[in-house]
Amino acid sequence: MYNLVMKDLKLGVNPWFFALPLLMGALMLVPGWLYFLVPLYFCWITIPNIFAGFRTQNDLMFTTMMPVTKKDIVKARVTVIVILELLHLVLAMIYGMITIRLYPDLTYYFFAPHMGFWGLCFVMLAIFNVIFISMYYKTAYKYGGAAAASITAAMLFAGVAQWVGIQNSFISDTFNGSGVDNTALQISILIAGIVIFIAFTMIAYRIAVKRFLKVEIL
């Protein structure tokens, strides 16, 4: 499985997509911006282009010719997706910490980049994963419909979460007001988001394996 992951990282993924999180993450430095957009660039740009590349390279046929199981193929691909997602989030978090220090007195209309916000980002990517990965492995070839559905779901979550954060005074206070000084609360939201991310990704992996085992590769 390790060799499959390295194959994707070295051969399947264009080096540009390792630099993209560094560039897109810099948008966190824009004061008071809609920061949900930063991790969404992973969904909009990275996933469609990477899977288009896999399809162009006929990666599926090449990989199935190797002495590996279908289960390992899915596990390796999911691992690559998670690695890239974490790269996007971790770099964005670093930029977010810089932003908080640069603008300590800024009044945020949208969610500020505190720990609780990143918990929401983990949930957003969890929703993306459970839809994209499970749908994609119906064929392990056609990615367009899976990408469209998962991106739409992630954007809807971000939109609804942000709307509630603006309209509901309790949520607004939790993420932008006095709640940001409650370290225990912020860490709890972040941990809850990470747990949901792990759970949804594991569910997606299990569904993908079951579906991929039924796919006939000619």
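So, how was this worked out
Residues numbered from 1 in each chain as written. Predicted model: local features only at pLDDT ≥ 70, side-chain atom pairs only at ≥ 80, totals over all residues. Heavy atoms only, no water. Helix = DSSP H or I, 4+ residues; strand = E, 2+ residues; numbered from the N terminus. Buried < 20%, exposed > 50% of the residue type's maximum accessible area, 1.4 Å probe, protein only. Contact = heavy atoms within 4.5 Å. Patch = residues over 30% accessible without salt bridge, like charges linked within 9 Å, V, L, I, M, F, W, Y side chains within 5 Å. Areas by Shrake-Rupley, 256 points an atom, 1.4 Å probe, with all protein chains shown as cover. Salt bridge = Lys/Arg side-chain N within 4 Å of Asp/Glu carboxyl O. Lys, Arg positive; Asp, Glu negative; His and termini not counted. Charge placed at Lys NZ, Arg CZ, Asp CG, Glu CD.

A. View of the side chain of Arg 77. Position of Arg 77 relative to the elements: it lies in helix 5 (residues 70–102). Overall, Arg 77 belongs to the buried group, its relative accessible area being 6%. Discounting residues that sit within four places of it in the chain, Arg 77 has contacts with Lys 7, Asp 8, Phe 51, Phe 54, Asp 59, Tyr 136 and Tyr 137.

B. How the structure looks around a positive patch on the surface. Together, Lys 71, Lys 138, Arg 206, Lys 210, Arg 211 and Lys 214 make up a positively charged patch on the protein surface. Element by element, the count of residues in the positive patch is highest for helix 9 (residues 183–212), at three residues. Structurally, the position occupied by Lys 210 is in helix 9.

C. Looking closely at the pattern of salt bridges. For the structure shown, the criterion picks out four salt bridges. The salt bridge involving Lys 7 is made with Asp 59; its shortest N-O contact spans 2.7 Å. Of this pair, Lys 7 sits in helix 1 (residues 2–12) while Asp 59 sits in helix 4 (residues 59–64), and the two are 52 residues apart along the sequence. Summarising the burial analysis for this pair, Lys 7 and Asp 59 share the class buried. Asp 8 serves as the salt-bridge partner of Arg 77, at 2.7 Å between the closest nitrogen and oxygen. Highlighted residues: Arg 77 in helix 5 and Asp 8 in helix 1, separated in sequence by 69 residues. Look at Asp 8 and you get buried, because its relative accessible area is 2%. One network of salt bridges, with partners in common, ties together Lys 7, Asp 8, Asp 59 and Arg 77.

D. Examining the side chain of Gln 186 more closely. Note on placement: Gln 186 falls in helix 9. Accessibility expressed as a relative area gives 1% for Gln 186, which makes it buried. Not counting chain neighbours up to four residues away, the residues in contact with Gln 186 comprise His 114, Met 115, Gly 116, Thr 174, Gly 179 and Val 180.

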